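# Remarks on the overall topology
Below are the chains, spelled out letter by letter.
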Amino acid sequence: MSFYFAIVGTKDNPIYEAEFGTSKQGGDGVARFREEQRSMNQFIVHSSLDIVEEVQWATPTMYMKCVDKFNNLLVSCFLTAGNIKFLLLHDQKADDAIRQFFTDVYDLYTKTLMNPFYEVDMRITSGVFDGKVKQAAKKYL
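Everything in this summary refers to the structure shown in the same document. Treat the numbers as computed from the prediction; the structure is a model and nothing was measured.

## So, the side chain of Thr112
In this fold, Thr112 is placed in helix H3 (residues 95-113). By relative accessible area, Thr112 is classed as buried at 16%.

Written as structure tokens, this is what we have:
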């Protein structure tokens, strides 16, 4: 099972992107997207933003579960209070694990926001942030 994760800013700009595979059930944590699929991941995730903007006003929770489907792929969303969207493209339902992953990444993102040199909607290039996101993915996904 492979995952594509993106954090999208308030202006619908990508802030952070990562690909990883499952570490559960004997997986090695490496994404196994086909080459033609890999180029579509960004498009699929960003095309779901319109649906997220419709659903966000009807849902009182930050975790919106699965908001969109494309072929056999699902897009799950977590919306922060500052209107930053965490989007995860995956191929199997695992709501509890995805919610826990989003919660950990939200904690990491909040810590990044507290950095005086970081501004909202600025691209996250920190290797430490990337490592901790992949560590959370390995733990939950």
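Next comes the rest of the account.
## Some remarks on H3
Taking 1.5 Å of rise per residue, 19 residues should cover 27 Å, and H3 covers 26 Å from first to last C-alpha, within 8% of that figure. Buried within H3 we find Ala97, Ile98, Phe101, Phe102, Val105, Leu108, Tyr109 and Thr112. Angularly, the buried residues of H3 cover 130° about the axis, an arc narrow enough to put them on a single face. Looking at the buried side of H3, the elements it contacts are strand E1 (2-8), strand E2 (14-21), strand E3 (63-70), strand E4 (73-79), strand E5 (85-90) and helix H4 (127-140).

## Points about a nonpolar patch on the surface
On the surface, a nonpolar cluster with roughly 260 Å² of combined accessible area is contributed by Met40, Phe43 and Phe70. Among the structural elements, Phe43 can be located in helix H1 (residues 35-47).

## Points about unusual backbone geometry
Positive phi, close to 60°, is recorded for Asp12, a residue that is not glycine. When you line up the elements, Asp12 lands in the loop between E1 and E2. For Asp12, a relative accessible area of 34% puts it in the partly exposed group. Positive phi values are uncommon outside glycine, yet Asp121 reaches one of about 75°. Residue position: Asp121 is located in the loop between H3 and H4.

## Quick look at the nonpolar core
Residues Phe5, Phe20 and Phe101 are the most contacted members of the largest nonpolar core, which totals 27 residues. Mapped by element, the contributors of at least two residues to this core are E1, E2, E5, H3 and H4. A per-element tally of this core places H3 first, with 7 residues. Formed by 15 residues, the second largest nonpolar core is a distinct cluster that contains Tyr4, Ala6, Leu87 and Leu89.

## Comments concerning the layout of surface pockets
Approximately 240 Å³ is the volume found for the largest pocket. Contributions of two or more residues to the lining of the largest pocket are made by H3 and H4. Here the lining of the largest pocket is composed, by residue class, of 7 nonpolar, 4 polar and 3 charged.

## Things to note about the pairing of E3
For E3 and E4, the ladder comprises 6 bridges, and the chain directions are antiparallel. Bridged to Phe70 within E4 is Leu73. Taking the residues that link successive antiparallel strands as the turn, the E3-E4 hairpin has 2 residues, and the phi of Asn71 there is positive, at about 50°.

Conventions we followed
- Residues numbered from 1 in each chain as written.
- Predicted model: local features only at pLDDT ≥ 70, side-chain atom pairs only at ≥ 80, totals over all residues.
- Heavy atoms only, no water.
- Helix = DSSP H or I, 4+ residues; strand = E, 2+ residues; numbered from the N terminus.
- Buried < 20%, exposed > 50% of the residue type's maximum accessible area, 1.4 Å probe, protein only.
- Expected span 1.5 Å × (residues − 1).
- Arc of directions from axis to C-beta.
- Contact = heavy atoms within 4.5 Å.
- Patch = residues over 30% accessible without salt bridge, like charges linked within 9 Å, V, L, I, M, F, W, Y side chains within 5 Å.
- Areas by Shrake-Rupley, 256 points an atom, 1.4 Å probe, with all protein chains shown as cover.
- Salt bridge = Lys/Arg side-chain N within 4 Å of Asp/Glu carboxyl O.
- Core = buried A, V, L, I, M, F, W, Y, C linked by side-chain atoms within 4.5 Å.
- 1 Å grid on protein atoms, 1.4 Å probe; cavity = no way out; pocket = protein on both sides within 12 Å on 5 of 7 lines; lining within 4 Å.
- Points joined across faces, edges and corners; volume = space filled by probe spheres on them.
- Nonpolar A, V, L, I, M, F, W, Y, C, P; charged D, E, K, R; others polar.
- Pairing = 2+ DSSP bridges.

That is the geometry; function is a separate question.
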